[in-house]
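The residues making up each chain are set out below.
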Amino acid sequence: PPRSAPVTPVAPRAPPQPDAARPTALAIAQAALDKKGEDVVVLDVRGLTSYADYFVVVTADSDRQASAIADHVEQTMKQQGVSKVGVEGYESGRWILVDYGDVVAHVMNRESRGFYDLEGLWADAPRFAVEG
């Protein structure tokens, strides 16, 4: 009888992991849009950093608007039962970081956003713009 080629076993595919942080990132993005945040981008940093799955980056026209956006994000997420881990930069309003563990919101004025260029720093991260 003819010999068949050896069969190479194929490793089973791992089932897709649930992405529990994505709805939080989208809710934060929508809350920022509710307060007229601009250029809202969600960066998927899973596998690129150990401390978060998503960054939500938002531009505010002024320090006052940055504070209003950050406040609205906090209120919206609290209503959804999501607690923040911490917040930084609220006093200056140039760059307010609101940490939700798996998702970190960055509310920045134009100058800070251009200077720190998070999208460039995380150029390998898949991203999507969110529009209201």
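Notes on the structure follow.

Quick notes on the rules
- Residues numbered from 1 in each chain as written.
- Predicted model: local features only at pLDDT ≥ 70, side-chain atom pairs only at ≥ 80, totals over all residues.
- Heavy atoms only, no water.
- Helix = DSSP H or I, 4+ residues; strand = E, 2+ residues; numbered from the N terminus.
- Buried < 20%, exposed > 50% of the residue type's maximum accessible area, 1.4 Å probe, protein only.
- Pairing = 2+ DSSP bridges.
- Axes fitted to C-alpha atoms, helices over the stretch in contact; angles between N-to-C directions.
- Contact = heavy atoms within 4.5 Å.
- Core = buried A, V, L, I, M, F, W, Y, C linked by side-chain atoms within 4.5 Å.
- Expected span 1.5 Å × (residues − 1).
- Phe/Tyr/Trp six-rings, centres within 6.5 Å; stacked < 30°, edge-to-face > 60°.

**Notes on unusual backbone geometry**
Here is step 1 of the chain: Phi at Asp-39 is positive, roughly 50°, even though this residue is not glycine.
Here is step 2 of the chain: Looking at the element boundaries, Asp-39 is found in strand E1 (residues 38-44).
Here is step 3 of the chain: Classification of Asp-39 by relative accessible area gives partly exposed; the value is 49%.
Here is step 4 of the chain: At Asp-117, a position not held by glycine, the phi torsion is positive, near 45°.

**Topic: the sheet that holds strand E5 (residues 103-109)**
Here is step 1 of the chain: The sheet built from 6 strands is open, its strands ordered E3-E4-E5-E2-E1-E6 with mixed pairing. Edge positions in the sheet fall to strand E3 (86-88) and strand E6 (127-129), since each of these pairs with one other strand and no more. Averaged over all adjacent pairs, the angle separating strand axes in this sheet is 15°, with direction ignored.
Here is step 2 of the chain: Two strands pair when backbone bridges link them, and E1 and E6 are joined in this way by 3 bridges, in the antiparallel orientation. Each residue of the ladder has a partner; that of Leu-43, found in E6, is Arg-127.
Here is step 3 of the chain: Where helix H1 (residues 21-34) meets the sheet, its contacts fall on E1, strand E2 (54-60), E5 and E6, and the angle it forms with E2 comes to roughly 5°.

**Concerning the nonpolar core**
Here is step 1 of the chain: If you look at the biggest cluster of nonpolar residues, it comprises 26 residues, and the most contacted ones within it are Ile-28, Val-40, Val-42, Val-56, Ile-69, Val-73 and Val-103.
Here is step 2 of the chain: Elements that contribute at least two residues to this core include exactly H1, E1, E2, helix H2 (63-79), strand E4 (95-99) and E5.
Here is step 3 of the chain: Ignoring any residue separated from it by four or fewer positions in sequence, one finds Val-56 in contact with Ala-25, Ile-28, Ala-29, Val-40, Val-41, Val-42, Val-103, Val-104, Ala-105 and His-106.
Here is step 4 of the chain: In terms of nonpolar packing, the next biggest core, distinct from the first, is built from 11 residues, Leu-43, Val-45, Phe-55 and Val-104 among them.

**Considering H2**
Here is step 1 of the chain: The end-to-end C-alpha distance of H2, which contains 17 residues, comes to 24 Å, matching closely the 24 Å that a straight helix rising 1.5 Å per residue would cover.
Here is step 2 of the chain: Every buried residue of H2 is listed here: Gln-65, Ala-66, Ser-67, Ile-69, Ala-70, His-72, Val-73, Glu-74, Thr-76 and Met-77.
Here is step 3 of the chain: Two residues or fewer past H2, Gly-81 is found with a positive phi of approximately 80°.

**Points about the packing of aromatic side chains**
Here is step 1 of the chain: Considering all chains together, one arrives at 4 aromatic pairs under this definition.
Here is step 2 of the chain: Centroid distance Trp-95 to Tyr-116: 4.7 Å. Interplanar angle 50°. Geometry classified as tilted. Residue Trp-95 is located in strand E4, and its partner Tyr-116 is located in helix H3 (residues 110-116); the two are separated by 21 residues in the primary sequence.
Here is step 3 of the chain: Owing to a relative accessible area of 25%, Trp-95 belongs among the partly exposed residues under this scheme.
Here is step 4 of the chain: Taken together, the ring pairs in this structure connect Tyr-51, Phe-55 and Trp-122 into an aromatic cluster.

**Quick notes on the pairing of E2**
Here is step 1 of the chain: The buried fraction of E2 is high, at 7 of 7 residues.
Here is step 2 of the chain: Alternating residues of E2 divide into Tyr-54, Val-56, Val-58 and Ala-60 and Phe-55, Val-57 and Thr-59, and every residue in both groups is buried.
Here is step 3 of the chain: Pairing geometry for E1 and E2, over 5 bridges, is antiparallel. Looking across to E2, one finds that Glu-38 is bridged to Thr-59.
Here is step 4 of the chain: Here E2 runs beside E5; their pairing, made up of 7 bridges, is parallel. If you follow Phe-55 over to E5, its bridge partner there is Val-104.

Coordinates in, geometry out; function isn't part of it.
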